[in-house]
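A look at the structure
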Amino acid sequence: MTTASPTHTDPLRGPTPPAPGPRRRSALRPLVLRLHFYAGLCVAPFLLVAAATGFLYAASFPAEKLLYAHELTVPEPGERKLPVSEQVAAAREAHPRGTVSAVRPSPEDDATTRVLLSGVEGVDPDHTLAVFVDPYTAEVRGALEQYGSTGALPLRTWVDEFHRDLHLGEPGRLYSEFAASWLWVIAGGGLVLWFSRRRARRRVRGTEGRRRTLGLHGTVGAWAAAGFVFLSATGLTWSTYAGANIEELRVRLGQTTPSVSASAAGGGEHAGHGAAAGTGGDAAHGVGLDRVLAAARAEGLGDPVEIVPPADASSAYVVKQIQRSWPEKQDAVAVDPGTGRVTDVVRFTDYPVLAKLSRWGIDLHTGVLFGLPNQIALMALAGSLVFLVLWGYRMWWQRGRGRAFGRPVPRGAWQQVPPLLLVPLLAAVTVLGYFVPLLGIPLAAFVAVDVALGEIAHRRGRRAAAGSRTAKT
């Protein structure tokens, strides 16, 4: 960004002289145009992958219900559900290996109970084996690998990991964080450019060529920009580097998500009694699952819930609501395994503001907050992003009109920004770059390379001019 005389750049016709007086464009527009152009060009492949895999993830929710209908539902609801302990016993008889890590009682009349087993040979250590039991007959209807708090089964798990890290593990998460770090910048820049154009030049009907592509790109981008900013912000909350910074900020502000205390009240006597009652990892510690569930129901915990057995002799049962759809149900209680008394309660209504916003944001991002309408909206956003990327590359091709493929926006745009605006802007970018490293580091690298290329071009121009003067003399 080292050149030259201040010129404005029209996205259709290239550089044009600045218009005098009040008709002069905003000083920021050329800078935003150049940033939008290069960021879109370089980040677009990552956004394309994130959008395509995000579309598949949103579609995997209804697909999962169809694909695993045998395991998820019962053939015919009965009159009375069996005690949870009997359902767990049936699951353990069919699958004796591993230990019971949690139990999700049937939340609906036609839904099966899930008994989650950890430490099962052949199952990913980060996953569990979900054994599906008919709550009316104790028939085991199958077993599938499960991942995450939303209970993702193999299809959704595979798509989720593909979207998150391309099945490359922790290093692969950098791709999705990089895309999320830049999506809001590109969307915001596009919005500024769209609304800074004259209304007559935004229309799509009656146009052709690059003007039509630009109109489609701008119109769809303007309508979808708010959704892109939301996806970017919520995606960063559980990313590797930016997510860690956000979590640290929440800790400092006292806005972390509270958790129920799993320490068993009463100390050694109750804890020892509970430990003695548990055998073979069957979750039958102390008073047992049925009394624990009844204690949680008495505290107002309605379905769906998950029962987590004590981790050791000094721990309590934890029963927590797991409904991520609106309205959220996230209350949790701890129950002493020796007495069946509730020892601690955490209510979702008591969560700090940022904890609630984070929960709602993540659930909206993953498509569970409003169910099918949420998933359709996510698919629409993902599809629009795919088309925006394709239209963006098409405009890049059309920009040179067959003579100069991918002709870039001229350098020197930052020189047109007044210092009173440029200095605060640089300060804000520096702070953002610190908290969102995969935005700040690539941006700094781009500026360094751009300045270096500009300096090289400037020196070549001076040498060419000097050679021309020497030849004339």
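This one's a predicted model, so the numbers in the text were calculated from it and none came from an experiment. Here, residues in each chain are numbered from 1, in the same order as that chain's written sequence. Where totals are concerned, whole chains, interfaces and linings use all residues; where local detail is concerned, this predicted model gives features only for residues with pLDDT of at least 70, and gives and counts side-chain atom pairs only at 80 or more. Only hydrogens and water are set aside; all other atoms, that is, all heavy atoms of the structure, feed into the side-chain values.

A cavity, in this analysis, means grid points on a 1 Å lattice covering only the protein atoms where a 1.4 Å probe fits yet has no way out; a pocket is instead an open set bounded by protein on both sides within 12 Å along at least five of seven lines, and a residue lines either one if it has an atom within 4 Å of a point. Grid points are joined across faces, edges and corners, and a volume is the space filled by probe spheres set on the points. Inspection of the entire model under this criterion finds two cavities of 30 Å³ or more. Computed from the structure, the largest cavity encloses a volume of approximately 660 Å³. In terms of lining residues, the largest cavity is bounded by 34 residues, among which His36, Ile186, His217, Gly392 and Met395 are the most central. Mapped by element, the contributors of at least two residues to the lining of the largest cavity are helix 1 (29-67), helix 5 (173-196), helix 6 (209-236) and helix 11 (371-399). Of the residues contributing to the lining of the largest cavity, the split by class is 23 nonpolar, seven polar and four charged. We count a stretch as a helix when DSSP gives it H or I for four or more residues in a row; a strand needs E for two or more, and each element gets its number in order from the N terminus. Ten residue types, Ala, Val, Leu, Ile, Met, Phe, Trp, Tyr, Cys and Pro, are classed as nonpolar, four, Asp, Glu, Lys and Arg, as charged, and the remainder, Gly among them, as polar.

With that settled, the discussion passes to the packing of helix 5 against helix 6. Simply put, an axis is a line fit to the C-alpha atoms, just over the touching stretch for a helix, and the angle between two N-to-C directions goes from 0 to 180 degrees. Between helix 5 and helix 6, whose axes approach to 8 Å, the crossing angle comes to 140°. Classed by the angle they form, the pair helix 5 and helix 6 counts as oblique. With respect to the hand of their crossing, helix 5 and helix 6 are arranged in left-handed fashion. The segment helix 5 lies against helix 6, with Glu177, Ala180, Ser181, Leu183, Trp184, Ala187, Leu191 and Trp194 engaging Leu214, Gly215, Gly218, Thr219, Ala222, Ala225, Phe228, Val229, Leu231, Ser232 and Leu236. Every angle not falling under 35 degrees, over 145, or within 65 to 115 is termed oblique; those three ranges are roughly parallel, roughly antiparallel and roughly perpendicular. Here a crossing is taken to be left-handed if its near helix is turned anticlockwise relative to the far helix by less than a right angle, and right-handed if that turn runs clockwise. Only heavy atoms matter for contacts: two residues are in contact if any of them lie within 4.5 Å across the pair.

Attention now goes to the environment of Gln323. Within the fold, Gln323 resides in the loop between strand 8 (317-321) and strand 9 (332-335). Classification of Gln323 as buried rests on a relative accessible area of 15%. Considering only alpha carbons, one finds Gln323 and Thr150, 173 residues apart in sequence, at a separation of 8.6 Å. Setting aside residues up to four positions removed in sequence, Gln323 forms contacts with Asp303, Pro304, Glu328, Lys329 and Gln330. What qualifies as a polar contact is a pair of N or O atoms within 3.5 Å, subject to a donor-acceptor requirement within protein and to the restriction that residues adjacent in sequence count only when both atoms come from side chains. At 2.9 Å, the side chain of Gln323 forms a polar contact with the backbone oxygen of Pro327. Buried means the residue's accessible area, taken with a 1.4 Å probe over protein chains only, is under 20% of the maximum for its type, while exposed means over 50%, and partly exposed covers the values in between.

Moving on, we get to helix 5. In an α-helix, one turn spans 3.6 residues; hence positions three or four apart end up facing the same way. Helix length check: helix 5 (24 residues) gives 35 Å between terminal C-alpha atoms against 34 Å at 1.5 Å per residue, within 8%. Working definition for bend: take the seven residues up to and ending at a residue and the seven starting at it, fit an axis to each, and measure the angle between the axes. Of all bends in helix 5, the biggest is about 30°, found at Trp182. Take the residue count of a helix, subtract one, and multiply by 1.5 Å to get its expected span.

Our next topic: the pattern of salt bridges. By salt bridge we mean one thing: a side-chain nitrogen of Lys or Arg within 4 Å of a carboxyl oxygen of Asp or Glu. Under the definition given, this model contains 14 salt bridges. Notably, a salt bridge pairs Arg297 with Asp303, separated by 2.7 Å at the nearest N-O pair. Looking at Arg297, the relative accessible area reads 32%, which means it is partly exposed. With a relative accessible area of 25%, Asp303 lands in the partly exposed category. Where Asp363 meets Arg324, a salt bridge forms, and the shortest distance between an N and an O atom there is 3.3 Å. One end of the pair, Asp363, is in helix 10 (residues 353-365); the other, Arg324, is in the loop between strand 8 and strand 9, and 39 residues separate them in sequence. Because the salt bridges share partners, they merge into one network encompassing Arg104, Glu306 and Lys320.

On to the packing of helix 4 (residues 154-165) against helix 5. Any two packed helices are characterised by how steeply their axes cross, that is the angle between the axes, and by the distance between the axes. At a minimum axis distance of 6 Å, the contact between helix 4 and helix 5 shows a crossing angle of 65°. Comparing the axis directions of helix 4 and helix 5 gives the class roughly perpendicular. Residues Phe162, His163, Arg164 and Asp165 of helix 4 lie in contact with helix 5, whose contacting residues are Arg173, Tyr175 and Ser176. Broken down by class, the residue content of the contact of helix 4 with helix 5 amounts to two nonpolar, two polar and three charged.

None of this, on its own, says anything about what the molecule does.
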